[in-house]
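What the coordinates show
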Amino acid sequence: MGATIGTVATPGTLGPILKDYYIGPLQEQLNNEVMVLQMFEKAKISWAGRQGIVPVHVGRNTGVGFRGENADWSTGTTALAAGSQTTKRLSFEAAYLYGRFEVTGPAIASAAKGGTASFIGALELEMDKLKEDIRNQADVSAISGGRVVGFLNERKSGAAPATWEFRGNFTKLAQACADKGGNVDIAAVDCSNNTLTGEAVTYELITTVASVDSTAINPAAGTISLTGTLDTTGVAPGFGVALVISDGDANLAYLDQEPVGIYGNLGGELLFGVDRGSDAGDAMELQSVIMAQDVNNNGTAEALTLTRMQEVIDAVSITSGMSPDVILMNPIDRAKYIALLQGSIQMNPQGAAQSGDGGFLGLAYAGIPIKAARHVDRSLMLFLNTKCWKLAVLEDGKFADLDGSVLSRVSGKDSFEGFYKWYYNHYCYRPNANGVLTGISF
């Protein structure tokens, strides 16, 4: 790429300028501005090529108990058999996030008049906006990356065409329908938690032949329509159903190239290859708390209540012995929570009033901070224990400069391009320490 641009410089000589002025600062801003990802600690894991391997502890040693003095451990009805710890292995691949930018030869040639500052200014728009696009994509994927796009809260048996209350990524669901050119097949996962309900079948696929009707996705009403039949009456009262875009269509293969988001880590039947259903040998210890705002057990959406929020936190404590340390919600939903506080807020000014402010600097519930994240979908809340989330990085995000230059010449054009790359995934090794509250009325 040594062609001369004007009489000033080549991409090879301008590359170091880009590195000095852009690569470091832009990388730092990207990491700081991705709100959800920056909550996750970067993990040191074993990479086998591009595959990450993480062992998780899912069962205690059962060879524990009180016995009398000089009792025989190995015989009789009180035999104390030697046991062992139970572990599973999470196995996943890194997702590859790319962003490309391009500038023309004339834009670069403007450096001949204005010097380095003009050259930097010509690239500022492309590179800064690329950074924003990458940030948005990474933040969306941290929530709903992969095939789990959201949750159903209704317990009913519906035949085509049936309207269902849906809380999740409507945009992604509509895009999948567009990419396939029509209706998208879906699977549904019963997210009843065995530890909390004692249900015989939990975290298993619900037998269904349903598809999402591409003409009836209504984010304003919070509903979708399904063709075919879906029966969720067997789901335990007060629990949700994860909605999964089925595989088998080449046009949707890109979903498997995305990092697995919070929805998938908490709501999918499989957690990176480990089945967490109720069948014998499955890892029920990895089941999350996916509850619906259904205090009256009517199987439909209801207004947010403090009682239900407390029940999610208590359920997380029962299943894991831990508590969430942050609650995420869509900014639109903050007003619903603030309305619940009106009866419990007291004003007691000391001395003369200095100013009035009708808003809040911060919100919390039971001491757990509440943060607004615009990529969390409406009318659901995420109760996360961020200590259980890891960001597995195969290679840190950066502008590619493998040939010594950030810019490369575009074949057959008077243009030069560069790209940003980031190889990573995110995983939760204790899903039972996290919860979702879905089915909050719009």
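Rules used throughout
Residues numbered from 1 in each chain as written. Predicted model: local features only at pLDDT ≥ 70, side-chain atom pairs only at ≥ 80, totals over all residues. Heavy atoms only, no water. Salt bridge = Lys/Arg side-chain N within 4 Å of Asp/Glu carboxyl O. Helix = DSSP H or I, 4+ residues; strand = E, 2+ residues; numbered from the N terminus. Buried < 20%, exposed > 50% of the residue type's maximum accessible area, 1.4 Å probe, protein only. Pairing = 2+ DSSP bridges. Patch = residues over 30% accessible without salt bridge, like charges linked within 9 Å, V, L, I, M, F, W, Y side chains within 5 Å. Areas by Shrake-Rupley, 256 points an atom, 1.4 Å probe, with all protein chains shown as cover. pLDDT = per-residue confidence, 0-100. Contact = heavy atoms within 4.5 Å. Axes fitted to C-alpha atoms, helices over the stretch in contact; angles between N-to-C directions. Phe/Tyr/Trp six-rings, centres within 6.5 Å; stacked < 30°, edge-to-face > 60°. Lys NZ or Arg CZ within 6 Å of the ring centre and 35° of its normal. Polar contact = N/O pair within 3.5 Å; in protein donor to acceptor, adjacent residues only side chain to side chain.

What about the pattern of salt bridges?
For the structure on display, the rule yields 12 salt bridges. When the shortest N-O distance is used, the salt bridge between arginine 100 and glutamate 417 registers 2.6 Å. Of the two residues, arginine 100 is situated in strand β5 (residues 95–104) and glutamate 417 in strand β24 (residues 415–428); the sequence distance between them amounts to 317 residues. Residue class for glutamate 417 comes out partly exposed when judged on its relative accessible area of 23%. Two residues, lysine 336 and aspartate 333, come together in a salt bridge whose shortest N-O distance is 3.0 Å. Each of Glu395, Lys398 and Lys421 takes part in one network of salt bridges that share partners.

Some remarks on the environment of glutamate 93
Examined against the element boundaries, glutamate 93 turns out to sit in strand β4 (residues 86–93). Glutamate 93 sits in the partly exposed class, given a relative accessible area of 39%. Distance from glutamate 93 to glutamate 258, taken between C-alpha atoms, is 9.8 Å for residues 165 residues apart in sequence.

Looking at the pairing of β24
For β24, the tally of buried residues reaches 12 of 14 residues, placing the bulk of the element in the interior. Note: β5 against β24, 10 bridges, orientation antiparallel. Along β24, the bridge assignment pairs leucine 97 with tryptophan 422. Both strand β23 (residues 408–409) and β24 contribute to a ladder of 2 bridges, which runs antiparallel. Each bridged residue has a counterpart across the sheet, and for arginine 409 the counterpart in β24 is phenylalanine 416.

Side note on a nonpolar patch on the surface
Among the surface-exposed residues, Tyr96, Tyr98, Leu394 and Phe419 lie close enough to one another that they form a single nonpolar patch of about 350 Å² accessible area. If you trace the backbone, phenylalanine 419 turns up in strand β24. Looking at phenylalanine 419, the relative accessible area reads 33%, which means it is partly exposed.

Some points on the confidence of the model for the protein
On average, residues of the protein score 81 in pLDDT, and 80% of them reach the 70 mark or higher. Confidence drops under pLDDT 50 across residues 1–11; counting only partners more than four residues distant or on other chains, this segment forms 20 contacts. With pLDDT under 50 throughout, residues 17–26 is counted as low confidence; its partners more than four residues away or in other chains account for 27 contacts.

Some thoughts on the sheet that holds strand β21 (residues 381–384)
Spatial ordering of the open sheet is given by β17-β25-β21-β18-β20-β19, a layout of 6 strands whose pairing is mixed. At either margin of the open sheet sits one strand with a lone partner, and together these are β17 (289–292) and β19 (363–365). The mean angle between the axes of side-by-side strands here comes to 25°, regardless of whether they run parallel or antiparallel. Note: β17 against strand β25 (residues 435–438), 4 bridges, orientation parallel. When the sheet's bridge partners are listed, isoleucine 290 is paired in β25 with valine 436. Packed onto the sheet, helix α8 (residues 306–320) meets β17, β18 (326–329), β19, β20 (368–372), β21 and β25 and runs at close to 160° relative to β17. Against the sheet, helix α9 (residues 334–341) makes contact with β18, β19 and β20, and its axis sits at roughly 65° relative to β19, the strand it touches most.

A short note on the packing of aromatic side chains
A full pass over the atoms with the stated rule returns 11 aromatic pairs. With a centroid separation of 5.1 Å and an interplanar angle of 80°, the aromatic rings of phenylalanine 166 and phenylalanine 170 are classed as edge-to-face. Note on phenylalanine 170: relative accessible area 10%, which makes it buried. In this structure an aromatic cluster arises from ring pairing among Tyr96, Tyr98, Phe419 and Tyr423. Taking the ring centre of phenylalanine 442 as reference, the NZ or CZ of arginine 378 above it sits at 4.2 Å.

Section: the side chain of asparagine 265
One can find asparagine 265 in helix α7 (residues 262–267). Asparagine 265 sits in the buried class, given a relative accessible area of 0%. From its side chain, asparagine 265 meets the backbone nitrogen of cysteine 428 in a polar contact 2.9 Å long. Excluding residues that lie within four positions of it along the chain, asparagine 265 makes contacts with Val260, Leu271, Phe272, Arg276, Ser288, Trp389, His426, Tyr427, Cys428 and Pro431.

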